[in-house]
Amino acid sequence: MFTAKEIIGSNTMSVIEPSGSIRKSFFWYPDKENKKRIAKLSKHNAFRYVKEFLPAFGFYKFREPDQEEGPYLIVQKLGRRVKVLGSVKDMEVSEKIFDWTLTTLEVIGGMAGDINTEHLIERVHDRSDLFTTWTLKFLPPLPLVESEDDNGKVEAVPQRPLKDMDEQAHVCFQNGVVVVTKHRPPTLIPYVSLPPEIFVWEKQIRPADFEENNLEEGPHGIWWDFMQNLAQEKQSGRWVVNHGMLKTLVTSYGYLLHNFYPPENRRAIVFYDRTTEWKAGGNGKSIVAKSFKHIKPWHFVDMKKEKSGDNRFLMSGFTPDKEIVVLSDTTKDFELETLYNQITDGFTVEDKGVDKLVIDEDKAPKLVITTNYTISTTHRSDRRRIWFAPISTYYGEQEDLTGKTPADFHGGRLCDKKVWNTSEWSAFYSTCVYCLDQYLKNGLVKFEDNVMAERQLLKVCYGDQMLLDELTKFIQGVVTNGSEVSKDEVIAFFGYYPEFERFSEYSSKWKTSTFKNVCTGLGYRVNPDRPNGRWLKTVNGENKDWYLLDAQKGVMTGAESGATPKEPDPAPEPVVTGGRFTDFLFDPEEVTV
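Notes on the structure in this doc start here. Just so it is clear, the model here is predicted, and its values are computed rather than measured.

**Structural notes on the overall build of the protein**
Reasoning step 1: Tallying secondary structure elements over the protein gives 19 helices and 23 strands in all.
Reasoning step 2: Split into buried and exposed, the 593 residues of the protein put 51% on the buried side.

Set out below in structure tokens:
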């Protein structure tokens, strides 16, 4: 919470003068018989405490202007900064405000000089039941403020948080907001330049000032070196930056920093190790995931403790001021389907003993998934909810060869306040702004990865490399010989080799599903445009199930999906090419010109 000293600042006269804003909010009265003591407190005093004293120190209840039926949050506001304290039904919040009050009474007692603070606190303790139960029940909502529209008309409007929009994003610092748009260079503007109804969640504000000249440098520093290393691959025995990988990594990072969920493109970003190993790790995914807490308010979930992800309290502790959710180290049994609604629909939070919180889809946080295992995207429902960002094995291989970790390569732990100086943090923030800028200008840029395709196929075959190899040959033979094969032939395939004897007890459905999934992974549709995906073919007067394989348009298959080494991209242009820009959009109803 903001302290009384922070709110009062140098304006001590607001406590001393009878007409001072703080003085006028005092909820107690001197005893009529002994002016040096405090009169007994009653419901009237508690009501004044909630209606006048707490609002004088920024305490209100708040809900989004467009959520008239939604639950209230308890917040505290100082200038343009607002802290979320918790749910209106959370009694712990009331108790914390009560403790804050006791401390505050001592502070203002010391400033005023005419308050019997000890006796006042004693009186408050005597009626603590009133001062806790009434706190949340009668706290007023965040008041309306006067704002001028584009036509010069002034009217009272609800206060609302600063939000990203389709083509505009914001990164908040102590001295202002860096505004990034699709069509203009980024720039820094002071908070006083924001419309009066706009406030900023305290957790959005980075603990640093931002120097505008950093924008001219573009991405640089240790973090940019680290990101480039995450995009390295071996070519002819040398490690070089794969610019396709880097573009995907940069735009994926920028997408996560953009607190706007495009309705047609809601994706969870999966950072994966670019290796064909069944399980991989140690390449820097966790460093990337944990870096988000230094640029955006985040919610972290340790998925090593979860099996499939179907825990209804998985998001316990999440609050609406958080913009990114990191699901770290999912297990091999993790089921993406358990998060379908969280990714593409409203974001639901369940906590024990607290009402369910449902966040509208346009206000939902972005999701990050890191995993050492392969997440299958055989089904279309998976593919449209997920976006893969490759992580090079550079750091993992370097540690195997030399014993050096990323910290050894970069002079200490990355994103560590004890290691990085102000200059390095500035470079980190500039690189983050660059990623946002690139995402807004280019969208999510896909990297066609034959290595990931191989891992996907291997997972479909349950990690059995021989099954994958032989089934791939079988499917390629089908395609070569007319692209048609009977269901009976597919089932018979699983008895071709002595090593496949263990599959003899497996069901026919398992065998045909595995066949279809590998076909999909290789870029072939099975029985396209057929009712229910089934093709009955009459052979010798008997109807039999058959499969027709059709190459998907635009999908590279088999060995063709290898990423061809590209010429290095030209050095990125400076993020700012000169000058500032105006006419920022802070209202979703405004139209980009």
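**Topic: the pairing of strand β3 (residues 81-87)**
Reasoning step 1: Alignment of strand β2 (residues 73-78) against β3, held across six bridges, turns out to be antiparallel. Residue pairing across strands places Leu78 opposite Arg81, the latter belonging to β3.
Reasoning step 2: Remark: two residues form the turn of the hairpin made by β2 and β3, two consecutive strands paired antiparallel; Gly79 in that turn has positive phi of roughly 65°.

**Here's the deal with the sheet that holds strand β14 (residues 298-302)**
Reasoning step 1: Read across the sheet, five strands follow the order β14-β15-β18-β13-β19 without closing on themselves; strand pairing throughout is parallel. Strands at the two margins of the open sheet, each flanked by one partner only, are β14 and β19 (386-391). Strand-to-strand twist across the sheet, computed as the mean angle between neighbouring axes with direction ignored, equals 20°.
Reasoning step 2: Note that strand β13 (residues 268-273) and strand β18 (residues 366-371) share four bridges and pair parallel. Within β18, the residue paired with Ile269 across the bridge is Val368.
Reasoning step 3: Lying on the sheet, helix α9 (residues 243-257) is in contact with β13, β15 (324-330), β18 and β19; it crosses β19 at an angle near 130°.

**Focus on the packing of helix α17 (residues 465-480) against helix α19 (residues 508-521)**
Reasoning step 1: Put simply, α17 and α19 touch, their axes get as near as 10 Å, and they point 75° apart. Our classification of the angle between α17 and α19 gives roughly perpendicular. Contact residues: α17 offers Leu467, Leu468, Leu471, Phe474 and Ile475, while α19 offers Trp510, Thr514, Phe515, Val518 and Cys519.
Reasoning step 2: Looking at the contact of α17 with α19, its residues break down into nine nonpolar, one polar and no charged.

**So, the side chain of Lys366**
Reasoning step 1: Here Lys366 lies in strand β18.
Reasoning step 2: For the buried residue Lys366, which engages in no salt bridge, the nearest side chain bearing the opposite charge is Asp164, 7.2 Å off.
Reasoning step 3: One polar contact links the side chain of Lys366 to the main-chain carbonyl oxygen of Phe260, over a distance of 3.2 Å.
Reasoning step 4: Residue contacts for Lys366: discarding those within four places in its chain leaves Tyr255, Leu256, His258, Phe260, Tyr261, Glu323, Ile324 and Val325.

**A word on the environment of Gln76**
Reasoning step 1: Locating Gln76 in the fold gives a position in strand β2.
Reasoning step 2: It is 7.1 Å that separates the C-alpha atoms of Gln76 and Met1, two residues lying 75 residues apart in sequence.
Reasoning step 3: Residues contacting Gln76, with those up to four places away along its chain left out, are Met1, Phe2, Ile7, Phe57, Gly58, Phe59, Arg81, Val82, Lys83, Leu85 and Trp100.
Reasoning step 4: A polar side-chain atom of Gln76 sits 2.7 Å from the main-chain amide nitrogen of Phe2.

**As for the side chain of Lys296**
Reasoning step 1: Positionally, Lys296 belongs in the loop between α10 (285-291) and β14.
Reasoning step 2: A residue is classified by how much of its surface remains accessible, and Lys296, at 4% relative accessible area, is buried.
Reasoning step 3: Among the polar contacts made by the side chain of Lys296, one reaches the main-chain carbonyl oxygen of His170 at a distance of 3.1 Å.
Reasoning step 4: Among residues more than four places away in sequence, those in contact with Lys296 are Asp164, His170, Arg206, Leu257, Glu323 and Ile324.

**With respect to helix α3 (residues 43-56)**
Reasoning step 1: Along its 14 residues, α3 runs 19 Å from first to last C-alpha, staying within 8% of the 20 Å computed at 1.5 Å per residue.
Reasoning step 2: For α3, every residue scored as buried is listed here: Asn45, Ala46, Arg48, Tyr49, Val50, Phe53, Leu54 and Pro55.
Reasoning step 3: Where α3 is buried, its residues touch β1 (59-62), α4 (91-112) and α6 (128-137).

**Topic: the sheet that holds strand β7 (residues 168-173)**
Reasoning step 1: Pairing within the open sheet is antiparallel, and its three strands lie in the order β7-β8-β9. Either end of the sheet is taken by a strand with one partner, and the two such strands are β7 and β9 (187-189). Across this sheet, the average inter-strand angle for adjacent strands is 30°, counted without regard to direction.
Reasoning step 2: Strand direction decides the pairing type here: strand β8 (residues 176-181) and β9, joined by three bridges, are antiparallel. Each bridged residue has a counterpart across the sheet, and for Val179 the counterpart in β9 is Thr187.
Reasoning step 3: Relative to β8, helix α15 (residues 422-442) is tilted by about 30°, and along the sheet it contacts β7 and β8.

**Some points on the nonpolar core**
Reasoning step 1: Core analysis: the largest hydrophobic core is formed by 72 residues, its most contacted members being Val178, Trp223, Tyr253, Phe271, Phe292, Met315 and Phe428.
Reasoning step 2: When residues in this core are grouped by element, the largest group, 10 residues, is from α15.
Reasoning step 3: Here Trp223 is in contact with Tyr253, Ile287, Val288, Ser291, Leu414, Cys415, Trp420, Glu424, Phe428 and Thr431, once residues within four sequence places are set aside.
Reasoning step 4: Counting 39 residues, the second largest nonpolar core, distinct from the first, contains Ile22, Val107, Ile121 and Phe131.

**Let's talk about the pattern of salt bridges**
Reasoning step 1: Taken as a whole, this structure holds 21 salt bridges when the rule is applied.
Reasoning step 2: Residue Glu202 is joined to Arg81 by a salt bridge in which the shortest nitrogen-to-oxygen separation is 2.8 Å. Taken together, the residues span a long stretch of sequence, with Glu202 in the loop between β10 (198-201) and α7 (214-217) and Arg81 in strand β3 at a distance of 121 residues.
Reasoning step 3: Note that Glu233 and Arg274 form a salt bridge whose closest N and O atoms lie 2.8 Å from each other. Remark: Arg274 occurs in the loop between β13 and α10 and Glu233 occurs in strand β11 (residues 232-235); sequence separation between them is 41 residues.
Reasoning step 4: Arg274 sits in the buried class, given a relative accessible area of 14%.
Reasoning step 5: A single network of salt bridges, built from pairs that share partners, joins Asp164, Lys296 and Glu323.

The rules behind these values
Residues numbered from 1 in each chain as written. Predicted model: local features only at pLDDT ≥ 70, side-chain atom pairs only at ≥ 80, totals over all residues. Heavy atoms only, no water. Helix = DSSP H or I, 4+ residues; strand = E, 2+ residues; numbered from the N terminus. Buried < 20%, exposed > 50% of the residue type's maximum accessible area, 1.4 Å probe, protein only. Pairing = 2+ DSSP bridges. Axes fitted to C-alpha atoms, helices over the stretch in contact; angles between N-to-C directions. Contact = heavy atoms within 4.5 Å. Parallel < 35°, antiparallel > 145°, perpendicular 65-115°, else oblique. Nonpolar A, V, L, I, M, F, W, Y, C, P; charged D, E, K, R; others polar. Lys, Arg positive; Asp, Glu negative; His and termini not counted. Salt bridge = Lys/Arg side-chain N within 4 Å of Asp/Glu carboxyl O. Polar contact = N/O pair within 3.5 Å; in protein donor to acceptor, adjacent residues only side chain to side chain. Expected span 1.5 Å × (residues − 1). Core = buried A, V, L, I, M, F, W, Y, C linked by side-chain atoms within 4.5 Å.

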